Amino acid sequence: MLNDFSLPTEALTRGFIIDLIQRDSPFSPAYNPLAADNFDRLRSAFGRSFSRVDRLYKPTTLLSFSSSSSSSIPIQSKIIPSEGEYLMNVSLGTPPVPVLGIADTGSDLMWTQCKPCTQCFKQNPPMFNPNKSSTYRNIACESKPCSELLESSCDAAAERGGDTCEYRYSYGDHSFTKGNLASDTLTIGSTSLPKIIFGCGRENGGTFDESGSGLIGLGGGPLSLVSQLGKSIGGKFSYCLVPLTSEPYVTSKISFGRAGIVSGPSVVSTPLVAKEPNTFYYLTLEAISVGKKRLVYYHENHNQSKALAGNEGNIIIDSGTTLTFLPVGFHDDLVSALAEAVDAERVSDPKGVLSLCFRAEKESESLASAPIITAHFSGADVVLQPMNTFAKVEDDLFCFTMIPSNDVAIFGNLAQMNFLVGYDLESGIVSFKPTDCTNM
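Residues numbered from 1 in each chain as written. Predicted model: local features only at pLDDT ≥ 70, side-chain atom pairs only at ≥ 80, totals over all residues. Heavy atoms only, no water.

With respect to the state of the cysteines
Covalent bonding between the sulfur atoms of two cysteines is what defines a disulfide. Test applied: In this description, the term disulfide denotes a pair of cysteine sulfurs within 2.5 Å. The way it works is that DSSP assigns letters per residue, a run of H or I at least four long becomes a helix, a run of E at least two long becomes a strand, and they are numbered from the N terminus. Classification of residues uses two cut-offs on accessible area relative to the type maximum, computed with a 1.4 Å probe and protein chains only: under 20% is buried, over 50% is exposed, and between them is partly exposed.
Scanning the model with the defined rule gives 5 disulfides in all. One disulfide bridge connects Cys240 with Cys437, the sulfur atoms lying 2.0 Å from each other. Taking the torsion about the sulfur-sulfur bond, which here is approximately -80°, the covalent link between Cys240 and Cys437 counts as left-handed. Of this pair, Cys240 sits in strand S11 (residues 236-240) while Cys437 sits in the segment after strand S30 (429-434), and the two are 197 residues apart along the sequence. What makes Cys437 buried here is its relative accessible area of 1%. Here the bonded cysteines of the chain are numbered in sequence order, and their pairing is 1-6, 2-3, 4-5, 7-10, 8-9.

Focus: the sheet that holds strand S24 (residues 380-384)
The condition that has to hold: Each pair of strands is called paired provided DSSP finds at least two bridges between the two strands. A fitted line through C-alpha atoms serves as each axis, taken over the contacting stretch for helices, and the angle formed by two N-to-C directions is quoted from 0 to 180°. Only heavy atoms matter for contacts: two residues are in contact if any of them lie within 4.5 Å across the pair.
Reading across the sheet, the 4 strands line up as S16-S15-S23-S24 and stay open at both edges, with antiparallel pairing between neighbours. Across the chains shown, the open sheet's two edge strands, defined by having one partner strand only, are strand S16 (293-296) and S24. Looking at each pair of strands side by side, their axes are set apart by 20° on average, direction ignored. Here strand S15 (residues 285-290) pairs with S16 via 4 bridges, running antiparallel. Counted as the bridge partner of Val290 is Lys293 from S16. Those strands touched by helix H6 (residues 328-341) are S15, S16 and strand S23 (373-377), and its axis lies near 170° from that of S16.

Observations regarding the confidence of the model for the chain
Applicable threshold: By definition, pLDDT measures how confident the predictor is in each residue, and it falls between 0 and 100.
Of all residues in the chain, 73% attain a pLDDT of 70 or more, and the chain-wide mean is 81. Of the regions scoring below 50 in pLDDT, residues 33-37 engages in 2 contacts with residues more than four places distant in sequence or in other chains. For residues 58-71, every residue scores under 50 in pLDDT, and the model assigns this stretch 60 contacts once sequence neighbours within four places are set aside.

Here we look at the nonpolar core
Condition: Nonpolar cores are built from buried Ala, Val, Leu, Ile, Met, Phe, Trp, Tyr and Cys residues. Side-chain atoms within 4.5 Å join them into one set.
Formed by 84 residues in total, the largest nonpolar core has its most connected members in Met88, Phe256, Ile317, Phe377 and Phe432. Looking at this core element by element, the count peaks at 5 residues for H6. Residues Ile102, Trp111, Tyr167 and Leu215 belong to the second largest nonpolar core, which totals 18 residues.

Description of the sheet that holds strand S22 (residues 357-359)
In a beta sheet, neighbouring strands are held together by backbone hydrogen bonds and run either parallel or antiparallel to one another. Spatial ordering of the open sheet is given by S21-S22-S26-S25, a layout of 4 strands whose pairing is antiparallel. Here the strands that pair on one side only, and so sit at the sheet edges, are strand S21 (345-347) and strand S25 (390-394). Within the sheet, the average angular offset between the axes of one strand and its neighbour, ignoring direction, is 35°. Pairing geometry for S21 and S22, over 3 bridges, is antiparallel. Bridged to Glu345 within S22 is Arg359. On the sheet, H6 packs against S21, S22 and strand S26 (397-400) and is oriented at approximately 140° with respect to S26.

Next up, the structure:
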């Protein structure tokens, strides 16, 4: 744990509860009631999933430096659903400035755009100005947080007589963020957390959307918010993602500490698998069932013959990716099984993105015959509802939201909707509990 927190008594008893906000929610700064319809928004989310695969799993991470002037604590907050992404609303600095960032279990460093910004993407929330925060501090090159970056060199800073750690991340989709590594007070609800490490981005661009101002990394690496809270939350957090079709004023919740414990008779749990990079939360998927037909999970080897993919840690769970990505051959088998089981007219996706679509006048006609799909993780059978596996992309068009990929497999957030998903990093498990997240 990077920080020694001195938290208020209220936090010790209640913890943090944060809303997760959808980009097209009235709670989002990007909300525009006259904007494109829900179908266009959903299509945009699918497109960002592909960009995100490049960003997460084909990263080119460049880090450099330059000069510039244990008790478990329950924490809970809201998450705002946002066109297939969920935005976490926190505040940074003294006095606090709102920061709206993607709640992302697939990344580590929390960062936000900062003034003065030499190259920044357009954002609707106010931009953070470190000069106006009395608790803002730059992080020195020789500090431990600086050493936690994947690559580090203070040569440039030393040449200019400075000692401020500067980070730079570049990704496979050409997105990037660059700025000072810093610390400041992070406020979540009514609780203030001092000396939280974050990136104060001065140059940022790529596929980031104007509804947010950066990312809130919830991954397993040492600089993520979860890791910085560390023992103070007992290594526990959970979230409950509302369906994208929920009423606009309904928000999701993310909880930390005792409030993040997932329990009850309907809970199933699967082991977390320790692998590199430690940013990601790896699970073991053994099979997927279509009704009573169980398909053993596999991938193709270089000879294009079937090879079992039952090895540990063969899929990651990610709150920041909309679609679910599966190995090509296994995905094709899954689509074939579904096509046989669903009694509806099969058509092609007019956008050419999704591989299995059905035409029907009413959703009930299209999906009433859809079989139950179950994801069989090691020790945990997660029974998925039609909303987890199909999306209405036009008035009479419903498409399967699991797609083929040659990259690392991802269990995306559509598949996680209406589950209370809990991470217990001390026990090394992820738990799933079927839940109506709109009533959380």
